[in-house]
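Architecture and fold: a report
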Amino acid sequence: MRLKDCYNFHDFRRMAKRRLPSPIFNYIDGAADDEVTYRRNTAAFEGCDLVPNVLRGVGDVDMSVTVMGQRLAMPVYCSPTALQRLFHHQGERAVAAAAAKFGTMFGVSSLGTVSLEEARRICDGPQVYQFYFHKDRGLNREMMPRAKQAGIEVMMLTVDSITGGNRERDKRTGFAIPFKLNLAGITQFAIKPSWAVNYVRHEPFRLPQLENHVDMGRGAMSISRYFTEMLDPSMSWDDVAEMVQHWGGQFCLKGVISVEDAKRAVEIGCTGIVLSNHGGRQLDGSRTAFDQLDEIVQAVGDRIDVMMDGGVQRGTHVLKALSLGAKAVGLGRYYLFPLAAAGQAGVERALELMRVEIERGMKLMGCSSVDELTKENLRFR
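1. As for the nonpolar core
- Phe87, Phe251, Ile273 and Met308 are the most contacted members of the largest nonpolar core, which has 120 residues in total.
- Element by element, the count of residues in this core is highest for helix α16 (residues 333–365), at 15 residues.
- Apart from residues lying up to four places away in sequence, Phe87 is in contact with Leu20, Ile24, Tyr27, Ile28, Ala82, Trp195, Leu336, Leu339 and Ala340.

See below:
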């Protein structure tokens, strides 16, 4: 299967599955418990129909948006995700370069495999730093000034991961960082030797944001164990309010689902929220971001920038979210599978396909700018 034969999310997923050892593919593809929320994230869009208007004289289409003070050339961004150099040796470097090419935002995770400083040098466009609240308060204190010094515009705190989700696919393979695989996992790596060759030919695996505070060299640390043992479940609204004041700029909470929490985010001075259930990887059975979007926009959309992620696979999904009032839409697996399949070239092809789909969809909807997308364009079944 070749990159030029990929035309949608499912094509990229199949290509990644063929190239990745099963433990790594399933780390990307898997979710919590019975993976109900994972499936519903995409299915939620299917219960909503677009109602196009015709004969609107649409010529050029302006799909640019401004979110948290950042101007994006297209209304989607690459959500920060962990461990990207496990999927392809280019990792965050590929995503940073692709985001710069398309004029959109991307982010580096606390569990990123390239330093936020290096990513900032690659892409001088909009960039967020996504971090977790650790029990190690020294690590928490170090994060913000380091990000500020690197030129990061937006701080994004993930708030739905104070403990690890029950990701049973990872348990079956023994997936951990560093690798400590069971026999089934080792077998899967053995039948995909090209990945292993590529992995050892490049620089050693690192977690630059954490390496001064977290020693993962003395034994395997699974991602679930990292969340369970390293992160602070006692994090409170007072802690976040203090961070917001200390940062003194654009501050976003990722993982908000309830209206009550959205209102609290406004009260403590946040400038953005991302409605998200972590791709279905945390609390299975939780509400989807798209299903919750209208309620939250109605409650706080005039006071804070509301974004969403989860299950987005098509340009029409983006149009539906924008029509309900989302300022921008985050992509996760949508770009991770192309990254795993073909590195930077894969991410660029995926973003180009998304750009074309959004532009085509806006023309067919009779909209020349994102501002013209409203709830009047939608009907729910």
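Resuming the write-up.
2. Focus on helix α3 (residues 36–46)
- Turning to α3, its buried residues are Thr37, Tyr38, Asn41, Thr42, Ala44 and Phe45. Here the buried residues of α3 occupy an arc of 145° about the axis, which is enough to place them on one side. Exposed and facing more than 90 degrees away from the buried side of α3 are Arg39 and Glu46.

3. Structural notes on the pattern of salt bridges
- Summed over all chains, the structure comprises 20 salt bridges.
- Where Arg93 meets Glu203, a salt bridge forms, and the shortest distance between an N and an O atom there is 2.9 Å. Of this pair, Arg93 sits in helix α5 (residues 91–102) while Glu203 sits in the loop between α10 (193–200) and α11 (223–230), and the two are 110 residues apart along the sequence.
- Sharing partners across several salt bridges, the network here consists of Arg13, Asp29, Glu35 and Arg169.

4. So, the packing of helix α13 (residues 259–267) against helix α14 (residues 289–300)
- For the pair α13 and α14, the least separation of the axes is 10 Å and the interaxial angle reads 35°. Seen along the crossing, α13 lies across α14 with a hand that is right-handed. On α14, the residues touching Val259, Ala262, Lys263 and Val266 of α13 are Gln292, Glu295, Ile296, Ala299 and Val300.
- Here the contact of α13 with α14 is built from residues that sort into six nonpolar, one polar and two charged.

5. So, the pairing of strand β8 (residues 250–256)
- Counted residue by residue, β8 has six buried out of seven residues, so it is predominantly covered.
- Bridge count for strand β7 (residues 154–158) against β8 is five bridges, and the pairing is parallel. Counted as the bridge partner of Val154 is Gln250 from β8.
- Summarising the sheet, β8 and strand β9 (residues 272–275) pair through four bridges and their orientation is parallel. In the sheet register, Lys254 faces β9, and the bridge partner there is Val274.
- For the handedness criterion, the β-α-β arrangement of β8, α13 and β9 is classed as right-handed.

6. A closer look at the side chain of Lys320
- Position of Lys320 relative to the elements: it lies in helix α15 (residues 315–323).
- Although Lys320 is buried, it makes no salt bridge; Asp49 carries the closest opposite charge, 5.6 Å away.

7. Some details on the environment of Ser369
- Position of Ser369 among the secondary structure elements: in the loop between α16 and β12 (378–380).
- On the accessibility criterion, Ser369 (18% relative accessible area) is buried.
- When the C-alpha atoms of Ser369 and Val58 are compared, they prove to be 9.5 Å apart, with 311 residues separating the residues in sequence.
- Among residues more than four places away in sequence, those in contact with Ser369 are Asp62 and Met362.

Cut-off values and rules
- Each chain has its residues counted from 1, running along the sequence as written.
- The predicted origin of the model limits local features to residues at a pLDDT of at least 70 and limits the giving and counting of side-chain atom pairs to 80 or more, whereas totals for whole chains, interfaces and linings rest on all residues.
- The side-chain quantities take in all heavy atoms of the structure and omit both hydrogens and water.
- In plain words, nonpolar cores are sets of buried Ala, Val, Leu, Ile, Met, Phe, Trp, Tyr and Cys residues tied together by side-chain atoms within 4.5 Å.
- A 1.4 Å probe rolled over the protein chains alone gives each residue an accessible area, and that area as a share of the maximum for its type sets the label: buried under 20%, exposed over 50%, partly exposed in between.
- We count a stretch as a helix when DSSP gives it H or I for four or more residues in a row; a strand needs E for two or more, and each element gets its number in order from the N terminus.
- Only heavy atoms matter for contacts: two residues are in contact if any of them lie within 4.5 Å across the pair.
- Directions from the helix axis toward the C-beta atoms define the arc.
- Salt bridges are defined by distance alone: a side-chain nitrogen of Lys or Arg within 4 Å of a carboxyl oxygen of Asp or Glu.
- Here, axes are lines fitted to C-alpha atoms. For helices the fit covers the stretch in contact, and angles between N-to-C directions go from 0 to 180 degrees.
- When the near helix sits turned anticlockwise from the far one by under a right angle, the crossing is termed left-handed; a clockwise turn instead gives a right-handed crossing.
- Amino acid classes used here: Ala, Val, Leu, Ile, Met, Phe, Trp, Tyr, Cys and Pro are nonpolar; Asp, Glu, Lys and Arg are charged; the rest, including Gly, are polar.
- When DSSP finds two or more bridges between two strands, those strands count as paired.
- With its strands directed away from the observer, a crossover is right-handed exactly when the path from the first strand over the helix to the second travels clockwise.
- Only four residue types enter the tally: Lys and Arg on the positive side, Asp and Glu on the negative side, with His and both chain ends excluded.

All quantities given are derived from atomic positions and should not be read as evidence of function.
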